[in-house]
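# Examining the three-dimensional arrangement
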Amino acid sequence: MHPIIRLVNRNLTISINPGFLIWQVIFPLIYIFVAGFAYTSLIDQVPFGDKNIDYPTFLATGMIGFNIMNSTLISGIIIWNDRRHGMFEQIMSGPFTRTDYILSNICTIGIVGLASASLIALVGYPVFFDSIEFTIITIPMIVFAAIVGSVLFGSIASIISTRLRSSEGFNVIINTVFLFLAFVSTAFYPASGSPEPLRTAFYLNPLTYLVDVIRAGIFGNITEFVIMEMGILVAAASVLFIIAAKLLTKLDF
């Protein structure tokens, strides 16, 4: 078996457990079917492109992007635990290279990101099916968002994991960063109507671009701005991946 496939299999085995699956399913369900419908008394319609959609629909599609980001935490957790428990040294002493290790982590978060996006799209389908406008590029755009988003946020998690050694520091920093990215984005509410500088902060956040691309694919609203957002996602993912890869290649045992 190829070394990268062996490492991917190992990563998935240690990462996917009942607690992780419950978090990936129950948390989005609560937001979509509890918060989504509860907040309709405050938010009736949300503008998106040239149409208005109801808030549960807006939130359900945003949760796809949120779950892609949230699932990539496993990349940082794997790296940090490998360093803490001496597994990184053992892996490097076996028939594996640092390149194998880096690529296996990218493949792992790509697989988990795609699975997560598919899961939430399936769970949220009853909420937003009335507003869906499937086109020939709907599925490719969601796949694009899942893969690029996984690389981008997985790289952020990997960078954090290589710079911190204490468990307290790692948990505090990584959870704070991801919570900030989640709530300062258009995953839960639209940027329009938000006060400055919060509205500007939304568009400094890559999660905003990710959920915009997903919604554009689902609702058939492909514009020049959405294409620009896709380009920004690719550029940001590339830069962060290069940084994460360089840090991993210099990682000490």
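The name an unreviewed UniProt entry gives the protein is ABC-2 type transporter, with Candidatus Nitrosarchaeum limnium BG20 as the organism. Its UniProt record gives the protein a comment under Subcellular location (unreviewed entry), which states: "Membrane".

### Quick notes on the overall build of the protein
Helix and strand content of the protein: 11 helices and 2 strands. For the protein, the succession of helices and strands along the chain, N to C, is α-α-β-β-α-α-α-α-α-α-α-α-α. Since a compact globule built from 253 residues should have a radius of gyration of about 18 Å, the 18 Å found for the protein is in line with a globular shape. Overall size of the protein, expressed as C-alpha extent along the three principal axes, is 55 × 40 × 35 Å.

### Focus on the UniProt feature "transmembrane region" (unreviewed entry) in the protein
With numbering aligned to this structure, UniProt lists the feature "transmembrane region" (unreviewed entry) at residues 20-39, 59-80, 101-128, 134-160, 172-191 and 225-248. Helix makes up 60% of residues 172-191 and strand makes up 0%, while its end C-alpha atoms are separated by 27 Å.

### A closer look at the packing of helix α3 (residues 55-71) against helix α10 (residues 206-219)
Two measures define how a pair of helices packs: the angle their axes make with one another and the distance between the axes. Relative to each other, α3 and α10 sit at 130°, their axes nearing to 9 Å. It follows from the interaxial angle that α3 and α10 lie oblique. Relative to α10, the crossing made by α3 is right-handed. Residues Thr57, Phe58, Thr61, Gly62, Ile64, Gly65, Phe66, Ile68 and Met69 of α3 form the contact with α10, whose participating residues are Leu207, Leu210, Val211, Ile214, Arg215, Ile218 and Phe219. Split into classes, the residues belonging to the contact of α3 with α10 amount to 11 nonpolar, 4 polar and 1 charged.

### A word on the environment of isoleucine 147
Here isoleucine 147 is to be found in helix α7 (residues 138-163). Residues isoleucine 147 and arginine 6, spaced 141 residues apart in sequence, show a C-alpha to C-alpha distance of 21 Å.

### Some thoughts on a nonpolar patch on the surface
A contiguous nonpolar patch, built from Ile22, Ile26, Ile30, Phe33, Val34 and Phe37 and spanning about 550 Å² of accessible area, is present on the exposed surface. Mapped onto the secondary structure, isoleucine 30 falls in helix α2 (residues 18-38).

### Digging into the packing of aromatic side chains
Under the defined criterion, the tally for this structure stands at 8 aromatic pairs. Judged by centre distance (5.6 Å) and plane angle (65°), the ring pair of phenylalanine 66 and phenylalanine 188 falls under edge-to-face. With phenylalanine 66 in helix α3 and phenylalanine 188 in the loop between α8 (167-183) and α9 (198-202), the pair connects residues that are 122 residues apart, well separated along the chain. Taken individually, phenylalanine 66 and phenylalanine 188 each receive the classification buried, so the pair is uniform in this respect.

### Here we look at the side chain of threonine 108
The topology assignment puts threonine 108 in helix α6 (residues 98-128). Of note is the side chain of threonine 108, whose polar atom sits 3.1 Å from the side chain of asparagine 11. Within the structure, threonine 108 has its side chain in polar contact with the backbone oxygen of serine 104 (distance 2.6 Å). Setting aside residues no more than four positions away along its own chain, threonine 108 makes contact with Val8, Asn11, Leu12 and Ile74.

Scoring rules and cut-offs
Residues numbered from 1 in each chain as written. Predicted model: local features only at pLDDT ≥ 70, side-chain atom pairs only at ≥ 80, totals over all residues. Heavy atoms only, no water. UniProt positions renumbered as here; feature names shortened; annotations may be inferred. Helix = DSSP H or I, 4+ residues; strand = E, 2+ residues; numbered from the N terminus. Rg over C-alpha atoms; globule rule 2.2 N^0.38 Å. Axes fitted to C-alpha atoms, helices over the stretch in contact; angles between N-to-C directions. Parallel < 35°, antiparallel > 145°, perpendicular 65-115°, else oblique. Left-handed = near helix turned anticlockwise from the far one by under 90°. Contact = heavy atoms within 4.5 Å. Nonpolar A, V, L, I, M, F, W, Y, C, P; charged D, E, K, R; others polar. Patch = residues over 30% accessible without salt bridge, like charges linked within 9 Å, V, L, I, M, F, W, Y side chains within 5 Å. Areas by Shrake-Rupley, 256 points an atom, 1.4 Å probe, with all protein chains shown as cover. Salt bridge = Lys/Arg side-chain N within 4 Å of Asp/Glu carboxyl O. Phe/Tyr/Trp six-rings, centres within 6.5 Å; stacked < 30°, edge-to-face > 60°. Buried < 20%, exposed > 50% of the residue type's maximum accessible area, 1.4 Å probe, protein only. Polar contact = N/O pair within 3.5 Å; in protein donor to acceptor, adjacent residues only side chain to side chain.

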